[in-house]
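Report on the structure
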Amino acid sequence: DQQVKQNSPSLSVQEGRISILNCDYTNSMFDYFLWYKKYPAEGPTFLISISSIKDKNEDGRFTVFLNKSAKHLSLHIVPSQPGDSAVYFCAASARNSGNTPLVFGKGTRLSVIA
Amino acid sequence: GAVVSQHPSWVICKSGTSVKIECRSLDFQATTMFWYRQFPKQSLMLMATSNEGSKATYEQGVEKDKFLINHASLTLSTLTVTSAHPEDSSFYICSARLAGGGRGEQFFGPGTRLTVL
């Protein structure tokens, strides 16, 4: 049973346009969400996070939106740049999860076309 | 801050040999580290959770006698692939959480590419 789902395995966007990556979750205990970016042959790097007490968090070109009632979050990148081409993983954790690992989605490969 | 290193970054070995991969948290202490593997064009697969001073917790389907994990200190965890076979060829990534806190972030190492001939 996948608790964090990224239903789009890939996405292509023109340079300068907005990229929207989506993520859905099923576990209502999740209250902290993160996005990671991964280039080939490298480890994932933390990008941005959001707590369930917020519905939006912005950091430069990256904004994460959280819709708790729909159990849905999205990552917006605007404007998209060729260097943003990577695999993006959505992850989630619950407040009392202790030392359990983050639950990751399967990732969405973003290609930004110049 | 929060840098995780892995060594080696890549290794090629013959079938039947054992390979040790080190994961270090360079500027923070990590009571818990996680080991993942990633096949080409696939998602991260959690292999095990490594706890400092205690036995690792393995995910279903991961052979604990084949993938030996030791977490001897708050800054070092090792993964040893014993009697490696070509099907063990993969990209292995470790991750660490801050000890005593850290709301949720896991910091990842750069990964180790293992090729078994």
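Predicted model only: the values in this text are computed from it and were never measured.

**Remarks on the state of the cysteines**
Covalently bonding the sulfur atom of one cysteine to the sulfur atom of another cysteine gives a disulfide. A complete count under the given rule lists two disulfides over all chains for this structure. One disulfide in the model links C23 of chain A with C90 of chain A; its S-S distance is 2.0 Å. Sign of the S-S torsion, about -75° for the bond between C23 of chain A and C90 of chain A, identifies this disulfide as left-handed. Highlighted residues: C23 of chain A in strand β3 (residues 19–25) and C90 of chain A in strand β9 (residues 86–94), separated in sequence by 67 residues. Assigned by exposure class, C23 of chain A and C90 of chain A land together as buried. In this model, C23 of chain B is linked to C94 of chain B through a disulfide, with the two sulfur atoms separated by 2.0 Å. In this structure, the disulfide formed by C23 of chain B and C94 of chain B twists by about 75° around the S-S bond and is classed as right-handed. Of this pair, C23 of chain B sits in strand β3 (residues 19–25) while C94 of chain B sits in strand β9 (residues 90–97), placing them 71 residues apart in sequence. Neither residue differs from the other here; C23 of chain B and C94 of chain B are each classed as buried. Cysteine C13 of chain B shares no disulfide, and the gap to the nearest cysteine sulfur, in C94 of chain B, comes to 18 Å.

**Re the sheet that holds strand β1 (residues 4–5) of chain A**
Strands belonging to one sheet form pairs held by backbone hydrogen bonds; the direction of such a pair is parallel or antiparallel. Residues and elements named next belong to chain A. One open sheet accounts for five strands, arranged β1-β3-β8-β7-β6; its pairing is antiparallel. In this open sheet, the two edge strands, each paired with only one partner strand, are β1 and β6 (56–59). Bridging between β1 and β3 involves two bridges; their strand directions are antiparallel. In the sheet register, V4 faces β3, and the bridge partner there is Y25.

**Section: the sheet that holds strand β1 (residues 4–7) of chain B**
Residue and element names in this part refer to chain B. Strand order in the open sheet formed by four strands is β1-β3-β8-β7, with antiparallel pairing between adjacent strands. Of all strands in the sheet, those bounded by a partner on one side alone are β1 and β7 (67–73). Mean inter-strand twist for the sheet, computed between neighbouring axes without regard to direction, equals 15°. In this structure, β1 lies alongside β3, joined through four bridges in antiparallel fashion. Residue Q6 lies in a different strand from β3, and its bridge partner there is C23.

**Comments concerning the interface of chain A and chain B**
You'll often see interface size given as the accessible area lost when the parts meet. Each side of the interface is counted separately: chain A has 24 residues, and chain B has 21 residues. Connecting chain A to chain B are four residue pairs in polar contact (both at pLDDT 80 or more). Listed by contribution, the elements that provide at least two residues to the side of chain A that touches chain B are β4 (30–38), β5 (45–51) and β9 of chain A. The dominant element in the side of chain A that touches chain B, judged by the number of residues it contributes, is β4 of chain A, at five residues. Classifying every residue of the side of chain A that touches chain B by side-chain character gives eleven nonpolar, seven polar and six charged.

**What to know about the layout of surface pockets**
Each pocket or cavity is described by its volume, and for the largest pocket that value is around 630 Å³. Lining the largest pocket are 25 residues, with L102, V103 and F104 of chain A together with L46 and E59 of chain B positioned closest to its centre. Of all elements in the fold, only β9 and β10 (103–104) of chain A together with β5 (44–51) of chain B reach the threshold of two or more residues within the lining of the largest pocket. Of the residues in the lining of the largest pocket, the class split is 13 nonpolar, nine polar and three charged.

How each quantity is defined
- Residues numbered from 1 in each chain as written.
- Chains lettered and ligands numbered in written order.
- Predicted model: local features only at pLDDT ≥ 70, side-chain atom pairs only at ≥ 80, totals over all residues.
- Heavy atoms only, no water.
- Disulfide = S-S within 2.5 Å.
- Helix = DSSP H or I, 4+ residues; strand = E, 2+ residues; numbered from the N terminus.
- Buried < 20%, exposed > 50% of the residue type's maximum accessible area, 1.4 Å probe, protein only.
- Pairing = 2+ DSSP bridges.
- Axes fitted to C-alpha atoms, helices over the stretch in contact; angles between N-to-C directions.
- Contact = heavy atoms within 4.5 Å.
- Polar contact = N/O pair within 3.5 Å; in protein donor to acceptor, adjacent residues only side chain to side chain.
- Nonpolar A, V, L, I, M, F, W, Y, C, P; charged D, E, K, R; others polar.
- 1 Å grid on protein atoms, 1.4 Å probe; cavity = no way out; pocket = protein on both sides within 12 Å on 5 of 7 lines; lining within 4 Å.
- Points joined across faces, edges and corners; volume = space filled by probe spheres on them.

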